Amino acid sequence: MELRKSLASVVALLLLVPASISMAQAPVSPSPAIDARANAMIAKMSLDDKLRLIGGVDNFYTKAIPSIDLKRLKMTDGPVGTRTFGPSTAYTASVALAASWDPELAGRVGASLGNDARARGVHFLLAPGVNIYRSPLNGRNMEYLGEDPYLAGRIAIGYINGVQSKGVSATIKHFAANNSEYDRHRINAIVDERTLRELYLRAFEMAIKQAHPGAVMDSYNLINGEHATQNGHLNNDILKGEWKFPNVLMSDWNATYDGVAAANNGLDLEMPFAKMMTAETLKAAIKDGRVKESTIDDKVRRILRTAIQFGWLDRDQYDTSIPLYSLEGDRVALDEAREGITLLKNQNNLLPLDAKKIKTLAIIGPNAPAAVVGGGGSSSTTPFKADSIVAGFASYLGERVKVMYVYGLDSMFEIYGLTEIDQMKVMRKVGNGPEKDITARGERHINYWPRFPARSAPGAQSKIPTTYHTTGTYTSVEEGDYVVAGVTYGGDLYTVQIDGKEVLKHEKSYNDRAETNDAIIHLDAHQTVKVDVRYETHSDKRQMSIAIYNRSEEIPASSRKVIREADAVLVSVGFNPQEEGEGFDRTYTMPLRQNELIKQVSSINPKTIVAINAGGSVETEPWVAGVPALLHTYYLGQEGSRALAEIVFGERSPEGHLPFSWERTLAQNPASAHYEEENGTRDSHYAEGLFLGYRYYTSMKQQPLFPFGFGMSYTNFAISNLKTKRNSGDDVEVSFDVKNIGSREGATVAQVYVGDPSAKVKRPVMELKQFSKVRLKAGEKQHVVLHLDRRAFEYYDVDGKQWKLDPGQFTINVGQSSEKIDASQTFEMM
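First things first, this report covers the structure right here in the doc. (Residues numbered from 1 in each chain as written. Predicted model: local features only at pLDDT ≥ 70, side-chain atom pairs only at ≥ 80, totals over all residues. Heavy atoms only, no water.)

1. A few points about the sheet that holds strand 27 (residues 683-685)
Here comes step 1: The strand order 9-8-6-27 describes an open sheet built from 4 strands, whose pairing is mixed. Bordering the open sheet on either side are strand 9 (226-227) and strand 27, each of which pairs with just one other strand. (Pairing = 2+ DSSP bridges. Helix = DSSP H or I, 4+ residues; strand = E, 2+ residues; numbered from the N terminus.)

Encoded structure:
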């Protein structure tokens, strides 16, 4: 009788689930009804079925399970476009979205991406990334949300809610401490527990508890000696235990290293296929007791639970009413680009330019003639349309202003193998095999370069080296010192000989990092020298090029004339997908001679505006003092050139605020001294602890070049009338007025930092705990009320394994950057 009642209850629950989910696009919360449906499906599955489901197939799918009528679940890369299945709307890089400091905008971007995913039948969007910006060298910073976990968490929550409102699961990544790209399969992040909790896990925690993403992705690296995919402390103790995450934990692609360890330590789904958690491995482990079948059932239940929550079992994920090319997506991408652009310097109010007074604008630089949509790697998105800076400005200005594109330094392009070599011959040899002539007809450039560099996974590396031997001649134009430069993205050996003398040698290593080596040789006018280059690689992707150029090269005379006569000059510089992206770290200095280009342009025309494409800060020391206007444009997606033109010519005021601190030199960055792996090990010690970015600069009373949260506007704002009120132990109310005291409409970000001077442990002087983006007309004032919960005042107590507040005096600082504090108050917190 009791069994009959129990079965009846289950049937009743199962009958309710499909109807309730099919009416909604957004996911529903986990419930007994959902688990009952999932368990009923599991009961129909064989062990083989279960093991099939926890390994991917065809790179971006889970396997179909016919016994339960489960179709394949489809995935796509993110975070800036549904890029895996053809062209798509290309939104700004995530770091530019973070620079908007606008969670509502993040929600619009997420919703638009959700629509793009539904138009392609995608179930999982592999985004957002919330890894903390630790060093500007990380090649993947552009995919993340800056140096502060609270800012990253707020933006991620908006993004995830937007994506999932369309019935698509977001996948928050990369869990955890994935803060560099070089040697990413083997690097071991050594992070103390408090720093891990307060900095590197906090954004994940916020998003998981408040936005409930359908999936989490583990990272490649090790954390404190254990790979993420088999790190029980992170996956089982924290994510699934303390945070009670109920959904799918998947691996990054080829990021699983031990099938049994991964199975027992929380990994639910191995992607892109079951390479380690194979049926053979896990069946043997189940048979001998190393893995329980109930552990496998839990993984299957999480996948099915997610599918049921999102309604995927009860509708077609393809929504044919949504176009693949979306005009609404274009509008969202344009708004995102507008809000992210960050004005860092505007000496003598050079900007905005007045189109009624400006007759000619010269545009120069390596990033001017081509659309630099985003960085390289798995986030690289091909848009349906995108304009270069030159085309975008010309289209925007029409007949009002003449746009003149001018050539810069030839050597800036020659580094990609555009130096012309005569009598060139290329031989290729695999291992100890014979050399084969692979010279292409008319080939004159020493260039082994893919579409974008991305180092292969260790399993894809060949044990047998491939050697390329290139010979030819180079003839100088005039007498002088010439630079022989080589670029590689780490790992590969090459040598360069000029007239039989070795001038360059790059030793083999395993650091996936952009590296430029150079040497100086003296050549007479019209001197011809023999060039001999040997390049050895174990990768399936060739990543090396050689250039030879005159060290004292100047901008061509014709270009100098245009620059001199122009009313203003825009210099478009920075990185591109070949120079900054997934799988390798980048340089701090912008590639090759861009610093020299800026110096030469600014010496010719004092009205020089520099616009930088980069995922973070770059070296500016050689030129920043001589440049009156500087804009950080990050990677602005398909609408970036239009947005930049609107801001340069004053249709819109810039709104972006830096989501990271910009150091004066790389050595000033608090992580720089120990960012590298320790000699003889794969250990990267996070010795700076909590004192990262602005937490370091404000605590140590150092001034970066541009502080965290900084961004200029074409108007000015004042913050006043700060008041604090403790409503309860979990609610402190902070209120203040923001007034636009300038002459035009604009936006600022009011930032609330909390300090704990009476703490019993060492804490940063202040930490961001709230913010509000405020948009006001000239003369307008707005009263802002924000709330701080108890966590805003707590630190992680390692011994007590809990968050703790030390009663005493706290400070509330409100300002427009971490350095510009407009108002402060102290109060007691018990």
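Following the structure, the description resumes.
2. Re empty space enclosed by the protein
Here comes step 1: Overall, the coordinates contain 3 cavities of 30 Å³ or more when judged by the stated rule.
Here comes step 2: Size it by volume and the largest cavity reaches roughly 150 Å³.
Here comes step 3: If you go around the largest cavity, you meet 17 residues; those closest to its centre are Val372, Ile389, Asn613, Gly640 and Ser641.
Here comes step 4: Where the lining of the largest cavity is concerned, the elements lending two or more residues are strand 25 (608-613) and helix 18 (640-648).
Here comes step 5: Ranked by residue count, the leading element in the lining of the largest cavity is helix 18, at 3 residues.
Here comes step 6: Across the lining of the largest cavity, the residue classes tally to 8 nonpolar, 8 polar and 1 charged.
Here comes step 7: In this model, the second largest cavity occupies a volume close to 60 Å³. (1 Å grid on protein atoms, 1.4 Å probe; cavity = no way out; pocket = protein on both sides within 12 Å on 5 of 7 lines; lining within 4 Å. Points joined across faces, edges and corners; volume = space filled by probe spheres on them. Nonpolar A, V, L, I, M, F, W, Y, C, P; charged D, E, K, R; others polar.)

3. Re the sheet that holds strand 36 (residues 821-829)
Here comes step 1: The 4 strands are arranged 31-30-35-36 in an open sheet whose pairing can be described as antiparallel. At either margin of the open sheet sits one strand with a lone partner, and together these are strand 31 (767-776) and strand 36. Along the sheet, successive strands turn relative to each other by an average axial angle of 20°, direction set aside.
Here comes step 2: Where strand 30 (residues 746-755) lies against strand 31, 9 bridges are found, and the strand directions are antiparallel. (Axes fitted to C-alpha atoms, helices over the stretch in contact; angles between N-to-C directions.)

4. What about a nonpolar patch on the surface?
Here comes step 1: A contiguous nonpolar surface patch, about 380 Å² in accessible area, is contributed by Leu324, Tyr325, Leu327 and Phe384.
Here comes step 2: Locating leucine 324 in the fold gives a position in the loop between helix 12 (293-309) and helix 13 (327-340).
Here comes step 3: The class for leucine 324 is partly exposed, based on a relative accessible area of 45%. (Patch = residues over 30% accessible without salt bridge, like charges linked within 9 Å, V, L, I, M, F, W, Y side chains within 5 Å. Areas by Shrake-Rupley, 256 points an atom, 1.4 Å probe, with all protein chains shown as cover. Salt bridge = Lys/Arg side-chain N within 4 Å of Asp/Glu carboxyl O. Buried < 20%, exposed > 50% of the residue type's maximum accessible area, 1.4 Å probe, protein only.)

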